Amino acid sequence: MTRFLKAALMSILLFVGPPAPAGAPKAWGYIGWWLPQSWRSMPLGQLDRLLFFELKVAPNGAISERHGWPEEWTDLQLAVQQTNTPLDLTLTLFEEATFNTLFSSNEATQRLLVEALSLADQTGVAGLQLDFEIYTLAQLNAIERYREFVRDLSARLPNAGAIIRAMPNLPTSVQRGATAAAPGKGVSAAQRATADALLG
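What you see is a predicted model; the values in this text were computed from it and never measured.

Rules behind the numbers
Residues numbered from 1 in each chain as written. Predicted model: local features only at pLDDT ≥ 70, side-chain atom pairs only at ≥ 80, totals over all residues. Heavy atoms only, no water. Helix = DSSP H or I, 4+ residues; strand = E, 2+ residues; numbered from the N terminus. Buried < 20%, exposed > 50% of the residue type's maximum accessible area, 1.4 Å probe, protein only. Contact = heavy atoms within 4.5 Å. Areas by Shrake-Rupley, 256 points an atom, 1.4 Å probe, with all protein chains shown as cover. Pairing = 2+ DSSP bridges. Salt bridge = Lys/Arg side-chain N within 4 Å of Asp/Glu carboxyl O. Phe/Tyr/Trp six-rings, centres within 6.5 Å; stacked < 30°, edge-to-face > 60°. Axes fitted to C-alpha atoms, helices over the stretch in contact; angles between N-to-C directions. Parallel < 35°, antiparallel > 145°, perpendicular 65-115°, else oblique. Left-handed = near helix turned anticlockwise from the far one by under 90°. Nonpolar A, V, L, I, M, F, W, Y, C, P; charged D, E, K, R; others polar. pLDDT = per-residue confidence, 0-100. Core = buried A, V, L, I, M, F, W, Y, C linked by side-chain atoms within 4.5 Å.

**Points about the overall build of the chain**
Each helix and strand in the chain was counted, giving 6 helices and 9 strands. Here the chain holds 200 residues, and 50% of them are scored as buried. The long-range fraction of contacts in the chain, counting pairs at least 24 apart against all pairs at least 6 apart in sequence, stands at 62%. For the chain, the exposed surface amounts to about 9400 Å²; the carbon and sulfur share of it is 54%.

Set out below in structure tokens:
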């Protein structure tokens, strides 16, 4: 997804998705690092979740670019705590080579698990979103290790009851205290394998 499309998502996104009851829309907000003041115009208290975009994942499992998180975002952290707005950190991976290299290595996968758990344990962080988008076919062994990684991450998040929420056409989310939704099924035959599909 391009930066310009992400910028368009700065406004509140309204959608109905599992496991929300019928008639209960969810309002999510996106904060892009390149628009550091955009959150100030959002009605934070009316959002069900707020997602910080982005923390980039490297082939060795490290977070290679944090865009100032958390040191340069203290005002945002204070604001979401004051309004009791759940804040999720978005981890991104958009390159096929990075995905295959990372999840073909047990060492790199474990490093990412440690990094992700450390991020989720930060004060004021409600959960993580994995925005992993692969537009070509990924290696089967990498897909399987990715599945294991997601299961391990879900099981080891600090708060009891943390689960994976996988919604069609949306990035996989790792959230605390959410209600389980059915994961996506299979790898896209149309050359697009998202994190949702890889859970199947």
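More follows now that the structure is in view.
**Regarding the pairing of strand 3 (residues 49-57)**
Judged by how many residues are buried, strand 3 sits mostly within the fold: 8 of 9 residues are covered. Pairing of strand 2 (residues 26-32) with strand 3 involves 5 bridges; the strand directions are parallel. Directly across from G32, in strand 3, lies its bridge partner F53. Across 6 bridges, strand 3 lies against strand 5 (residues 87-93) in parallel orientation. The residue of strand 5 that forms the bridge with L55 is L91. Summarising the sheet, strand 3 and strand 4 (residues 63-65) pair through 2 bridges and their orientation is antiparallel. Paired with K56 across the two strands is E65, which belongs to strand 4. Counted between consecutive antiparallel strands, the loop separating strand 3 from strand 4 contains 5 residues, among which G61 sits at a positive phi close to 90 degrees.

**Notes on the pattern of salt bridges**
Counted under the stated rule, the structure contains 5 salt bridges. For R40, the salt bridge identified is with D75, shortest N-O distance 3.0 Å. A residue pair is termed long-range when its members are at least 10 positions apart, and R40 in the loop between strand 2 and strand 3 and D75 in helix 2 (residues 74-83) qualify at 35 residues. Relative accessible area serves as the criterion here: at 47%, R40 is assigned to the partly exposed category.

**Digging into the packing of aromatic side chains**
Applying the stated criterion across every chain, the model contains 11 aromatic pairs. Ring plane angle 90 degrees and centroid distance 5.9 Å describe the contact between W34 and F53, whose orientation is recorded as edge-to-face. With W34 in the loop between strand 2 and strand 3 and F53 in strand 3, this residue pair connects regions lying 19 residues apart in the sequence. Classification of F53 as buried rests on a relative accessible area of 4%.

**Notes on the packing of helix 4 (residues 106-120) against helix 5 (residues 140-156)**
Between helix 4 and helix 5, whose axes approach to 10 Å, the crossing angle comes to 30 degrees. In this view, helix 4 runs roughly parallel relative to helix 5, as classed from their interaxial angle. Every pair of crossing elements has a handedness; the one defined by helix 4 and helix 5 is right-handed. Every residue of helix 5 that contacts helix 4 at N106, T109, L112, L113, A116 and L117 is listed here: R145, F149, D152, L153 and R156. Per-class residue counts for the contact of helix 4 with helix 5 are 6 nonpolar, 2 polar and 3 charged.

**What to know about the confidence of the model for the chain**
Within the chain, residue pLDDT values average 74, and 66% of them lie at 70 or more. Element-level pLDDT for the chain is lowest in strand 1 (residues 13-15), with a mean of 33, against a maximum mean of 96 in strand 4. pLDDT under 50 marks residues 160-173. Its contacts with residues more than four places away, or in other chains, come to 55 contacts.

**Topic: the nonpolar core**
Residues L91 and F103 are the most contacted members of the largest nonpolar core, which totals 43 residues. Of all the secondary structure elements, the ones that give two or more residues to this core are strand 2, strand 3, helix 2, strand 5, helix 3 (96-103), helix 4, strand 6 (127-134) and helix 5. Here this core gets 7 residues from one element, more than from any other, and that element is helix 4. Beyond its immediate sequence surroundings of up to four residues, L91 is in contact with L55, V57, I63, L112, A116, L119, L128, Q129, L130, D131 and F132.

**With respect to the packing of helix 3 against helix 5**
Axes are the key here: two packed helices are described by the angle between their axes and the distance separating the axes. Here helix 3 crosses helix 5 at 70 degrees, and the two axes come no closer than 8 Å. Relative to helix 5, the element helix 3 is oriented roughly perpendicular. In this structure, helix 3 meets helix 5 at a crossing whose hand is left-handed. For the pair formed by helix 3 and helix 5, the contact residues are F99, N100 and F103 on the first element and N141, A142, I143, R145, Y146 and F149 on the second. Split by residue class, the contact of helix 3 with helix 5 holds 6 nonpolar, 2 polar and 1 charged.

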